[in-house]
Every structure is written in structure tokens, then in C-alpha cells.
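Take a look at the letters that make up each chain.
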Amino acid sequence: MRFDTVIKNGTVVTASDTFASDVGITDGRIAAIADSLPTENAGKVIDATGLLVMPGGVDVHTHLDMPFQGTTSSDDFETGTIAAAYGGTTTLIDFAVQTKGSPLRKAFDTWMGKADRKAAIDYAFHCVITELGDKQFEEMGGLIRDGVSSFKLFMAYPGLLMVDDATIFRAMQQTAKFGGMICMHAENGGVIDVIVQRALAEGKRAPKYHALTRPTTAEGEATGRAIALAEMAGASVYIVHLSCNDALEKVREARDRGLPAYAETCPQYLFLSIEKMEAPGFESAKYVFTPPLREKWNQEKLWQGLTRDTLQVVSTDHCPFCYKEQKEMGKDDFTKIPNGGPGIEHRLSLIYTGGVHGGWFSPNRFVQLVSTAPAKLFGLYPRKGTIAVGSDADIVIFDPNEEQTISAATHHMRIDYSMFEGIRIKGVPKTVLSRGRVIVENGKFVGRAGSGEFIKRQALTHVAR
Ligand SMILES: [Zn+2]
């Protein structure tokens, strides 16, 4: 037996098992998993003694090179995917956003163009529907067949992205027909807009009012409504960036009833809280994203939710805007601060630190949350999301005990601040492989922009969940 690469002496961790084993890679795929593999003829041997060998991270919620609120997110598909690779993420699903009135296909083509020759890791797309005329309705099945097997809808941002319940219901029915998934931004945008307008009229213009005008009840209500609409349409629904207990309770109730309702949360909701909005001056603009930071007690509920499978996935909602010039657009009016924060690089380390070292769950559950479950829910499994013979050799070799401090001074995202500045992490990716190629070696990027491929995702009807 000859392998291109053999990973020796590591501890393989999948969503279900932990075992000492070598991993042999040929032609970009995992070719053998065994006690001891021959290395004489191997092209490359990686010693993983004392390290964990896990499937590469799958981040199903990123916004690279996205125009929004008069500017564009600061990471493009090159800088963003390189930062992702540093953090052990080897596949991401970004959002192709439909311009109102245009074909959905045009959004897909546009985002394919943005990623082409830039992405350093594999990628796929959800399609954001902002207007669903008869033509776009007819396009949905074709997109699912072409590997865009999920659509995102917004119940927030009236006038920009928000769609009404009838549109949501129609999109859900059509998605269910072709076996796709609906991703939902669940906040009651109409109510929030009334509260925002009142705040502005009262002269409340500082960044903290972004958080204070978006109550948890607005997220809970919309989450419950999204699930009810999905139930009536016979569709699966995935609540994105769930931030608070009010929304978590709605998902828990639905899942207790056996509905195909799923949800993700993000590291910012697990590690940060609304106290950040009390920072002096304009500093708190760094934490203006949607949903906003919540009262601290919600964090424990979210960790519990991850442990008990009320929440299935941790993604990042990476949507970076620099503090200088971009966040500053809202210096005198919080509604003009571009909404979003950077997170693509530190998801695995943060969740390993808080989840595994924090005593909430096992390394297997960690792998499930950051890789296997997102791959399964979004039609990438078993090509992505596990260590198995035949799967892509997307592998992160992880030191569970190395400690680092997160800082904008050392991160690789193209942004001038970190949401997690000063936070100590324990658990760091050392070597990262994408389809068998080493792209991060001893903490240095050695991959190549443009080597990432578009991954055509399967419809859910073909996927074991
Ligand atoms: Zn988002």
C-alpha cells in the first residue's frame, strides 16, 4: 500500500468515537484508517503524537465580500478562507444574496465569481431570497439540483431583506418539494423598526441602542412563527444565529414534538454579553451585529442547548466590518453602523475551550457541533464532516492543550479589531489539510488562494440525518 500522506500516532476523534490510529491519504481522500500504516513509500509523513486528528471544521454561516449597508464586508474569499484555514475550518457555506427583482441564478453566479480563484478552502452557497416572484419560485428546484440546496429568508431588516409570511410560506413549500432546507433569520423586523424609530426620535443614537431596540421577545416570537410556518408547509427549518433563551425555548418545544427544526448559535453569544455595549465612546460599535448581545445568563442556556441537542451547530456569522471607516459610518446614528462581526478564525478554539475544557461536552460532541452536524444538515456528508475511508481528507490536527490569547495583533482576518480580544483559548489547530494538501503547517498558512473548490451539495432527501 502506498499513500500520498500518512498521519502517524494521532488520536482520531469523530462525532462518535475516539481511538488511536494512523490515517492514510491518497488522491485527496482518506484511503485507510488503521493501527499502524506503512510509511516507507509515503510522500509525506506527519507525526501527530499527543495530538487530536479531527475532521476539518464546517462553517455554514459566513458573509465574505458582501455588500451591505453602503459598504462591503472586509474579508473577501481569499483573506476570509485563509483565516478560516488557520482556525481549522476547511469548508464554508456563504450566502449568495438575490438583488430584489433579479433571478436567483444571478446571485449564485455573482458569488461563484467572487470565490473563483480566491478561495483557499472548499465552499458552497445558500441563496438569500429577498423577493419571490413566479420566475424565482420556478428557479428554486433547479438551484437545489445544482447544489444550492438551502435558501435563507429574513424576518428582519424591513425594506432591505425582510420578506412577509406569505413569501416565507411559499418558499418553504417549494423547498420542501425538492428536499432543501430553509435558513431563517428570526427576529420580528416590523416591531423592531417601530422601537428603533422611537429611540431615534428620543435622541438615542449611541451604539448600545442597537442592542436595546432588539428585544429577545422579538427573536423568540419570530423563531416560533418560523417553526409554525415550516410545520404548515411541511418543511425543515434551520434557525440561524440563535442568541437567547426565548428563542431556544421555541426550538426545544418544536423538537420535543418531533418537528424537523434545527438551530445554530455562534461563539459571540456564548462568550460575550450585553455588558460589552457599555464600553465608553463609540467602542461598542465593534459589537453591533444582529441579533445583538444578550444578558449574560443566556450564555449558560446556550451551552446547555448545545449539550442537549436543542442546538445542533456552532457557526460564526462571520461578517467583518473594520472599526475605522466602516463601523464609523454610524458615529452619529447606530442604525448606520454596518451590522456584523469577525469570527471565522477562532470558532474551533473557542468552542473547544468553552465546551470541552469548560466541562460541557466531550471532544466527540465538539466534532459533531463544528463539523459533522453542519455537514449532514446541509448535504455535505459524508464527503465532509467525518474521518472515514472515502471521505475528503479535510483534517485538522489539533493540540488540545496549547494555549494562546486571541488578539487583532496576531489574527489573520482582514479587520482592525477582534471581538474576542484578550480571551485565552486552550486548544489550537497545528496542521490543517484540505483534500489531502497541507494548507496550514505548524501554525503557518502554506496553501494557495484558488485551490478551494465549489462543492455541489446534496438535497436533504438523499442525506441521512
Ligand atoms: Zn448572517
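Residues numbered from 1 in each chain as written. Predicted model: local features only at pLDDT ≥ 70, side-chain atom pairs only at ≥ 80, totals over all residues. Heavy atoms only, no water.

## Things to note about the coordination of the zinc ion
To keep things clear, this is the line we draw: Water is not part of the atom set, so a site may look incomplete; the donors themselves are N, O and S atoms within 2.8 Å of the metal, or 3.2 Å for Na, K and Ca. Strands here are runs of E lasting at least two residues and helices are runs of H or I lasting at least four, both read from the DSSP assignment and numbered beginning at the N terminus. For the exposure calls, accessible area comes from a 1.4 Å probe over protein chains only, and a residue counts as buried if that area is under 20% of its type's maximum, exposed if over 50%, partly exposed in between.
Those donors, His61 (NE2), His63 (NE2) and Asp317 (OD), are the protein atoms that reach the zinc ion, and they lie 2.0 to 2.2 Å from it. Sequence spacing among the residues donating to the zinc ion works out to H-x1-H-x253-D. Placement of histidine 63 in the loop between strand E6 (57-62) and strand E7 (67-68) and of aspartate 317 in the loop between strand E15 (313-314) and helix H11 (347-357) is noted, with a sequence separation of 254 residues between them. This pair shows no difference in class: histidine 63 is buried, exactly as aspartate 317 is.

## So, the packing of aromatic side chains
Counted only if it meets this: Stacked, tilted and edge-to-face are the three classes applied to pairs of Phe, Tyr and Trp rings, where Trp contributes its six-membered ring and a pair requires centres within 6.5 Å; stacked means planes under 30 degrees apart, edge-to-face means over 60, and tilted covers the rest. Here, a charge over a ring means that NZ of Lys or CZ of Arg falls within 6 Å of the ring centre while also lying within 35 degrees of the ring normal.
In this structure the tally under the stated criterion is 19 aromatic pairs. Between the aromatic rings of tyrosine 269 and phenylalanine 289, the centroid separation amounts to 6.0 Å while the plane-to-plane angle is 80 degrees, which identifies the pairing as edge-to-face. Highlighted residues: tyrosine 269 in helix H9 (residues 267-271) and phenylalanine 289 in the loop between H9 and helix H10 (297-307), separated in sequence by 20 residues. Each member of the pair, tyrosine 269 as well as phenylalanine 289, is classed as buried. An aromatic cluster is defined as three or more aromatic residues linked by ring pairs; in this entry it consists of Phe77, Phe108, Tyr123, Phe125 and Phe454. When the ring centre of tyrosine 157 is taken as origin, the NZ or CZ atom of arginine 214, which lies over that ring, is 5.7 Å away.

## Some points on the pairing of E6
For the record, the criterion: We treat two strands as partners when DSSP finds at least two bridges between them.
Most of E6 sits inside the fold, with 6 of its 6 residues counted as buried. The pairing of E6 with strand E9 (residues 89-97) spans 4 bridges and is parallel. Directly across from valine 58, in E9, lies its bridge partner threonine 91.

## Digging into the side chain of serine 74
The test is simple: Here a polar contact is recorded for every N or O atom pair within 3.5 Å, except that within protein the pair must consist of a potential hydrogen donor and a potential acceptor, and residues adjacent in sequence are included only if both atoms are side-chain atoms. Whether two residues touch is decided by their heavy atoms; if any such pair falls within 4.5 Å, the residues are in contact.
Within the secondary structure layout, serine 74 lies in the loop between strand E8 (71-72) and helix H1 (77-86). Judged by its relative accessible area of 10%, serine 74 is buried. Only 2.8 Å separates the side chain of serine 74 from the backbone oxygen of arginine 414, close enough to count as a polar contact. In contact with serine 74, not counting residues within four places along its chain, are Thr79, Pro320, Phe321, Cys322, Gln326, Arg414 and Ile415.

## Quick look at the pattern of salt bridges
Counted only if it meets this: One side-chain nitrogen of Lys or Arg within 4 Å of one carboxyl oxygen of Asp or Glu is enough to make a salt bridge.
For the structure on display, the rule yields 31 salt bridges. The salt bridge involving aspartate 76 is made with lysine 118; its shortest N-O contact spans 2.9 Å. Note that aspartate 76 is positioned in the loop between E8 and H1 and lysine 118 in the loop between helix H2 (104-115) and strand E10 (122-128), a separation of 42 residues in sequence. Judged by its relative accessible area of 11%, aspartate 76 falls in the buried class. On the basis of relative accessible area, lysine 118 is assigned to the partly exposed category, the value being 28%. What emerges from the salt-bridge pattern is a single network uniting Asp122, Arg383, Lys384, Asp392, Asp394, Arg435 and Glu453.

## Points about the nonpolar core
The test is simple: Nonpolar cores are built from buried Ala, Val, Leu, Ile, Met, Phe, Trp, Tyr and Cys residues. Side-chain atoms within 4.5 Å join them into one set.
Formed by 121 residues in total, the largest nonpolar core has its most connected members in Phe151, Met172, Met184, Val237, Ile239, Leu242 and Phe366. A total of 7 residues in this core trace back to one element, the largest contributor, which is helix H7 (residues 216-233). Those residues within four positions of phenylalanine 151 in sequence are excluded, and the remaining contacts are Leu104, Cys127, Ile129, Met140, Leu143, Ile144, Thr175, Met181, Ile182 and Cys183. By size, the runner-up hydrophobic cluster in this structure holds 17 residues, among which are Ile93, Val313, Phe378 and Leu460.

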